[in-house]
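Results of the structural survey
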Amino acid sequence: MKKVYEGKTKDVYSLDNGNVLLKFKDDCTGKDGVFDPGENAIGLTIDGIGKANLETSIHFFEILKEKGVKTHYVDANIDEATMEVLSCQVFGKGLEVICRLVATGSFVRRYGEYIADGTPITEGYVETTLKDDAKGDPLITEDALDLLGIMNHEMYQSMKKQTIEITKIVAEDLKKKGLDLYDIKFEFGYHGDEVVLIDEIASGNMRVYKDGSIVDTYLGH
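Residues numbered from 1 in each chain as written. Predicted model: local features only at pLDDT ≥ 70, side-chain atom pairs only at ≥ 80, totals over all residues. Heavy atoms only, no water.

1. A word on helix H4 (residues 153–175)
- For H4, built from 23 residues, the straight-helix expectation of 33 Å at 1.5 Å per residue is met to within 8% by its first-to-last C-alpha distance of 33 Å.
- Of the positions making up H4, those classed as buried are Tyr156, Met159, Gln162, Thr163, Ile166, Thr167, Ile169, Val170, Ala171, Asp173 and Leu174.
- Two to three positions downstream of the cap, the backbone nitrogen of Glu154 sits 3.2 Å from a side-chain oxygen, assigning the N-cap of H4 to Asn152. (Helix = DSSP H or I, 4+ residues; strand = E, 2+ residues; numbered from the N terminus. Expected span 1.5 Å × (residues − 1). Buried < 20%, exposed > 50% of the residue type's maximum accessible area, 1.4 Å probe, protein only. Polar contact = N/O pair within 3.5 Å; in protein donor to acceptor, adjacent residues only side chain to side chain.)

Printed below as a string of structure tokens:
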């Protein structure tokens, strides 16, 4: 096993069988010691959050598997805070895909003159950003992704369709617990010629509310 990448919340190792091992850490994105899934930098460390995020990811990956949605997920070991996944290639230097079910956060900061905070987005709104901390993860359009050779239109449409489908599955599961999903962030890659969900489906990547108040989702799924 060889470490091939050290990320903000996970380390990545290559395995002899050709798959990849993700090691979840207790670091969280945030600012000034406050947890915020929308931030690009590590803002705090929470004991046990790595395993909690792994458990949440397993929970949702297993649901997707039951529903026939292919992802990179293979297996996991909660005690060691690791998840085995298929080896996938990221698009370009990495993309983040956000699906918004309610207008809030940076979406309202950008478009607040046209939409009020808390406005439902019934069908979901998908936007894509480049993974680039130095530039603040800038937004990028479907046409620009194609023009730059990062992703063609067919791949983008597959990613968008999966994003909305997966978001609705996650939202339905949270609704059973009395929670409302406002937005969620995913990463996609390609395995062979298929576009598949990669990385994690963890509390640190979603904004969840209960009775109109934001929930500290890192406390568990």
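After presenting the structure, the write-up continues.
2. Re a nonpolar patch on the surface
- A surface patch of nonpolar side chains, about 440 Å² in accessible area, is lined by Tyr111, Tyr114, Tyr125 and Leu139.
- Overall, the relative accessible area of 33% leaves Tyr125 in the partly exposed class. (Patch = residues over 30% accessible without salt bridge, like charges linked within 9 Å, V, L, I, M, F, W, Y side chains within 5 Å. Areas by Shrake-Rupley, 256 points an atom, 1.4 Å probe, with all protein chains shown as cover. Salt bridge = Lys/Arg side-chain N within 4 Å of Asp/Glu carboxyl O.)

3. Let's talk about the pattern of salt bridges
- Taken as a whole and judged by the stated rule, the model has 16 salt bridges.
- The partner of Glu6 in a salt bridge is Lys3, with the nearest N and O atoms 3.6 Å apart.
- The shortest N-O distance in the salt bridge between Arg100 and Glu127 comes to 2.6 Å. Of this pair, Arg100 sits in strand E10 (residues 95–102) while Glu127 sits in strand E11 (residues 120–130); the two residues are 27 residues apart in sequence, bridging distant segments of the chain.

4. Concerning the pairing of strand E13 (residues 180–191)
- With 9 of its 12 residues buried, E13 lies for the most part within the structure.
- Relative to E13, strand E9 (residues 89–90) runs antiparallel, the two sharing 2 bridges. Paired with Gln89 across the strands is Tyr190, a residue of E13.
- Of the pairings in the sheet, the one linking E10 to E13 comprises 4 bridges and is antiparallel in character. Bridged to Val97 within E13 is Phe186.
- Sheet topology note: the E13/strand E14 (residues 194–198) ladder contains 5 bridges and is antiparallel. Its bridge partner lying in E14, Phe188 is registered against Leu197.
- Where E13 folds back onto E14 in an antiparallel hairpin, the turn is made up of 2 residues, including Gly192, whose phi is positive at roughly 70 degrees. (Pairing = 2+ DSSP bridges.)

5. Some thoughts on the sheet that holds strand E1 (residues 2–6)
- Spatially, the 5 strands line up as an open sheet ordered E1-E2-E3-E8-E7, and their pairing is antiparallel. Unpaired on one side and paired on the other, E1 and strand E7 (73–77) mark the two borders of the sheet. For this sheet, the mean angle separating the axes of adjacent strands, direction not counted, is 25 degrees.
- Inspection of the sheet shows E7 paired to strand E8 (residues 82–85) by 4 bridges, in the antiparallel sense. By the bridge assignment for E8, Asp75 is matched with Glu84. (Axes fitted to C-alpha atoms, helices over the stretch in contact; angles between N-to-C directions.)

6. Some words on unusual backbone geometry
- Although it is not a glycine, Ala81 adopts a positive phi angle of roughly 55 degrees.
- In this structure, Ala81 sits in the loop between E7 and E8.
- What makes Ala81 buried here is its relative accessible area of 4%.

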